[in-house]
Amino acid sequence: TKPGFSPYDIAFAILFGSGVLIEIIADIQKALWVKAGRQGNFCEKGVWKFSRHPNYFGEIFQWWCLFAFSYSSSQNPAGGYADPLWWAGILSPLFTMQILLNMAPTGISNAEGKNLKRYYDKCPERYAKYRANTSILIPFIGYRFVPEFLKRTIFFDFERYEYRFSSRESNEGSAKKDEYSH
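A brief structural summary. (Residues numbered from 1 in each chain as written. Predicted model: local features only at pLDDT ≥ 70, side-chain atom pairs only at ≥ 80, totals over all residues. Heavy atoms only, no water.)

1. Considerations on the overall build of the protein chain
Each helix and strand counted, the protein chain has nine helices and zero strands in total. Counting helices and strands in the order they occur from the N terminus, the protein chain gives α-α-α-α-α-α-α-α-α. Within the protein chain, the proportion of its 182 residues that are buried is 33%. Restricting to contacts in the protein chain with at least 6 residues of sequence separation, those with at least 24 account for 62%. (Helix = DSSP H or I, 4+ residues; strand = E, 2+ residues; numbered from the N terminus. Buried < 20%, exposed > 50% of the residue type's maximum accessible area, 1.4 Å probe, protein only. Contact = heavy atoms within 4.5 Å.)

Here's what the structure looks like:
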């Protein structure tokens, strides 16, 4: 039988708990903002100052922490890396990421792209500045200084999440697109 929790186990249990807290706090902050009448057209309160989707970050982070936590529970004498069950466990965080990052009816794919129109119609300059300064997923200070290629890769701020002005919108549409894209 295995000994009690190792420092590794404790660290990932704490990190998992922080993911749960981030998700809960983000959901509560957003619900309070909605209840207060959606002041300012989009939520910039609390953790929403540092991530445009902190609730999704908390959810994804929890699953990655559980996957890492399960490493030391392997019954394989060679350890977690040699355990096919541990490797099968990677499906859970990858599945969660697939749903929240790529499936159109939900998650970031649903919240971004064409659904940003409401912000660009009501407060285009303010929202463009928020987008440029705020990470799409991973809570981050100083996001505006991150190079574009890093935003488009490790920060998951993919081009498909950009708002595309339609040709039916005003003649300023293409100028706005250039001005507001980051």
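2. Regarding the packing of helix H2 (residues 54-69) against helix H4 (residues 91-102)
H4 packs onto H2 with a crossing angle of 165° between their chain directions and a minimal axis gap of 8 Å. For the element pair H2 / H4, the angle class is roughly antiparallel. Crossing hand, H2 versus H4: left-handed. Seen from H2, the contacting residues are Tyr56, Glu59, Ile60, Trp63, Trp64 and Phe67; seen from H4, they are Ser92, Pro93, Leu94, Thr96, Met97 and Leu100. (Axes fitted to C-alpha atoms, helices over the stretch in contact; angles between N-to-C directions. Parallel < 35°, antiparallel > 145°, perpendicular 65-115°, else oblique. Left-handed = near helix turned anticlockwise from the far one by under 90°.)

3. With respect to H2
Compared with the 22 Å implied by 1.5 Å per residue over 16 residues, the 22 Å span of H2 between its first and last C-alpha is a close match. Taken together, the buried positions of H2 are Pro54, Asn55, Phe57, Gly58, Ile60, Gln62, Cys65, Phe67 and Ala68. Close packing links the buried residues of H2 with helix H1 (7-35), helix H3 (84-88) and H4. (Expected span 1.5 Å × (residues − 1).)

4. Quick word on the packing of aromatic side chains
One pass over the full model with this rule turns up 25 aromatic pairs. When the centroid spacing of 4.9 Å and the interplanar angle of 85° are considered together, the rings of phenylalanine 42 and tyrosine 127 count as edge-to-face. One end of the pair, phenylalanine 42, is in the loop between H1 and H2; the other, tyrosine 127, is in helix H7 (residues 124-133), and 85 residues separate them in sequence. A single burial state applies to phenylalanine 42 and to tyrosine 127, both of which are buried. Residues tyrosine 120 and tyrosine 127 carry aromatic rings whose centres are separated by 5.5 Å and whose planes lie at 90° to one another, so their mutual orientation is edge-to-face. The exposure class assigned to tyrosine 127 is buried, which follows from its relative accessible area of 3%. Feature note: the residues Tyr8, Phe12, Trp64, Phe67, Tyr71, Tyr81, Trp86 and Trp87 constitute an aromatic cluster, connected by ring pairs. Geometry around tyrosine 143 places lysine 151 over its ring, the cationic atom sitting 4.5 Å from the centre. (Phe/Tyr/Trp six-rings, centres within 6.5 Å; stacked < 30°, edge-to-face > 60°. Lys NZ or Arg CZ within 6 Å of the ring centre and 35° of its normal.)

5. Things to note about the nonpolar core
Of all hydrophobic cores here, the largest spans 14 residues; its most connected members are Phe42, Leu116, Tyr120 and Tyr127. Listing elements by their share of this core, those giving two or more residues are H1, helix H6 (117-122) and H7. Residue contributions to this core peak at three residues, all from H7. Met97, Leu100, Leu101 and Leu137 belong to the second largest nonpolar core, which has 10 residues in total. (Core = buried A, V, L, I, M, F, W, Y, C linked by side-chain atoms within 4.5 Å.)

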